[in-house]
Amino acid sequence: MKSEQLLVLQPDVAGLEKAARILGLGGLVSFPTETVYGLGSDARNDRAVAGIYAAKERPSFNPLIVHVPDTAAAEAYCVFNDAARRLAQAFWPGALTLVLPVRADAGISKLVTAGLDTLAVRVPDHPVASGVLSAFGGPVAAPSANPSGKVSPTRAAHVVAGLGDRIDAVVDGGACAVGVESTIVSCVGAPALLRAGGIPVEALEACLGQTLVAEENPDTPIAPGQLASHYAPQGKVRLNAPYAEPGEVLLGFGPVEADLNLSVAGDLTEAAACLFACLHELDAMGAAAIAVSPIPDHGLGRAINDRLRRAAAPR
Ligand code: TXA
Ligand code: MG
């Protein structure tokens, strides 16, 4: 579907139904989840999914996450084992993506799985995402709604700024509460962490009663989350900086004097929620050199540090 003009939809019944109609016609609709805004298309429609790759200018070997309203819907597309069932029971709806064997008759576009025989699925915990998924009634492929390699959007305005002229609609559901993408766990073999994210690894391990294997999925070609310079703001980023050098803007954490602060209180949940908004703001400020305070590497701090390391990687 080719958009004449971007529709900004309200998160009411009429807006959700309009979003579902556009998805049904093969269009691209951005909607909020509790993690970040997704760029959705019908996961069964090759042309529509191709539209996601085109709009994001995303390397086409990167598979996408399919969003469904509940676990029963996920079971229609994937084969669950005990670990997967246990994690879904404990954390869905929520910021967890499971990579599972895809069913032969799932009907999911090969562009979604990038030809793999596994599928990434998740049940988002956001009334607008749930509303769009229920109104549409099918699987929705949705990566984060940003141009490839740029910072993920946590507000509708970020989506409009990054992709406004390339998509059909965005449902404005305000700011995303979690602010970093979902944690990705593969349950294809021994449960393995593929990406740190909104659900802390510690919580997953406590649920499973075992340590997650921390390996990159050997089946997976380079994942966007594994590309070194992903999530990058325009400016050069320096990590673990107690203070800013001359010419640098300080992105603080905790009680430091900073230009922007992820959380003055040193709260990792608050820091995750505003991380991408701060990176967008640094771009808006035209910051050319960015120093970032040290962030503790536990709980959500692991996801935050993962994103910041990618932002700081040479490009
Ligand atoms: O929070 C989120 O997960 C957001 C919101 C919109 O739900 N979505 C998101 O999607 O971050 P995306 O496309 O930006 O990230 C997808 C990640 C990639 O790292 C991709 O490689 C991995 O999921 N992935 C997808 N399918 C996979 C598979 N079959 N095996 C291994 N990794 C997979
Ligand atoms: Mg992304």
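Residues numbered from 1 in each chain as written. Chains lettered and ligands numbered in written order. Predicted model: local features only at pLDDT ≥ 70, side-chain atom pairs only at ≥ 80, totals over all residues. Heavy atoms only, no water.

What follows deals with the packing of helix H4 (residues 82-91) against helix H8 (residues 201-208). Between H4 and H8, the shortest axis-to-axis distance is 10 Å and the interhelical angle comes to 120°. Relative to H8, the element H4 lies oblique. You can see that H4 and H8 cross each other, and the crossing is right-handed. Residue-level contacts link Ala83, Arg86, Leu87, Ala90 and Phe91 of H4 to Ala203, Leu204, Cys207 and Leu208 of H8. Along the lines of polarity and charge, the residues of the contact of H4 with H8 split into eight nonpolar, no polar and one charged. (Axes fitted to C-alpha atoms, helices over the stretch in contact; angles between N-to-C directions. Helix = DSSP H or I, 4+ residues; strand = E, 2+ residues; numbered from the N terminus. Parallel < 35°, antiparallel > 145°, perpendicular 65-115°, else oblique. Left-handed = near helix turned anticlockwise from the far one by under 90°. Contact = heavy atoms within 4.5 Å. Nonpolar A, V, L, I, M, F, W, Y, C, P; charged D, E, K, R; others polar.)

Taken in spatial order, the four strands of this open sheet run E11-E14-E12-E13, and their pairing is parallel. Edge strands, defined here as strands with exactly one partner in the open sheet, are strand E11 (236-238) and strand E13 (260-261). For strand E12 (residues 249-252) and E13, the ladder comprises two bridges, and the chain directions are parallel. Bridging across to E13, Leu251 finds its partner in Leu260. (Pairing = 2+ DSSP bridges.)

Glancing now at the side chain of Arg307. With respect to the helices and strands, Arg307 occurs in helix H10 (residues 300-312). Take Arg307: its relative accessible area is 1%, and that puts it in the buried class. In this structure the side chain of Arg307 is engaged in a polar contact, spanning 2.7 Å, whose partner is the side chain of Asp306. Excluding its chain neighbours within four sequence positions, the residues that come into contact with Arg307 are Val180, Glu181, Ser182, Arg195, Ala196, Gly197, Tyr231, Leu275 and Phe276. (Buried < 20%, exposed > 50% of the residue type's maximum accessible area, 1.4 Å probe, protein only. Polar contact = N/O pair within 3.5 Å; in protein donor to acceptor, adjacent residues only side chain to side chain.)

Read from one edge of the open sheet, 10 strands run E1-E8-E2-E3-E7-E4-E6-E5-E9-E10, paired in mixed fashion. Each end of this open sheet is capped by a strand with a single partner; those strands are strand E1 (7-9) and strand E10 (192-195). Along the sheet, helix H2 (residues 46-56) makes contact with strand E3 (37-42) and strand E7 (140-141), crossing E3 at roughly 145°.

To continue, consider the confidence of the model for the protein. Predicted confidence across the protein gives a mean pLDDT of 91, with 93% of residues reaching 70 or more. Below a pLDDT of 50 lies the segment residues 217-224, which in the model reaches 14 contacts outside its immediate sequence neighbourhood of four places, other chains included. (pLDDT = per-residue confidence, 0-100.)

Below, the discussion takes up the pattern of salt bridges. Per the counting criterion, the structure on display carries eight salt bridges. Note that Arg44 is salt-bridged to Asp42, the shortest N-O span being 3.0 Å. When its relative accessible area of 8% is taken as the criterion, Asp42 is described as buried. The partner of Arg307 in a salt bridge is Glu181, and the shortest N-O contact between them spans 2.9 Å. Taken together, the residues span a long stretch of sequence, with Arg307 in helix H10 and Glu181 in the loop between strand E8 (169-171) and strand E9 (183-186) at a distance of 126 residues. Residues Arg307 and Glu181 agree in their burial class; the two are buried. Each member of the salt-bridge network shares a partner with another, and the members are Glu181, Asp306, Arg307 and Arg310. (Salt bridge = Lys/Arg side-chain N within 4 Å of Asp/Glu carboxyl O.)

Burial of E12 is two-sided: the residues Val249 and Leu251 facing one way and the residues Leu250 and Gly252 facing the other way are all buried. As paired elements, E12 and strand E14 (residues 289-292) share three bridges and run parallel to each other. Bridged to Leu250 within E14 is Ala291.

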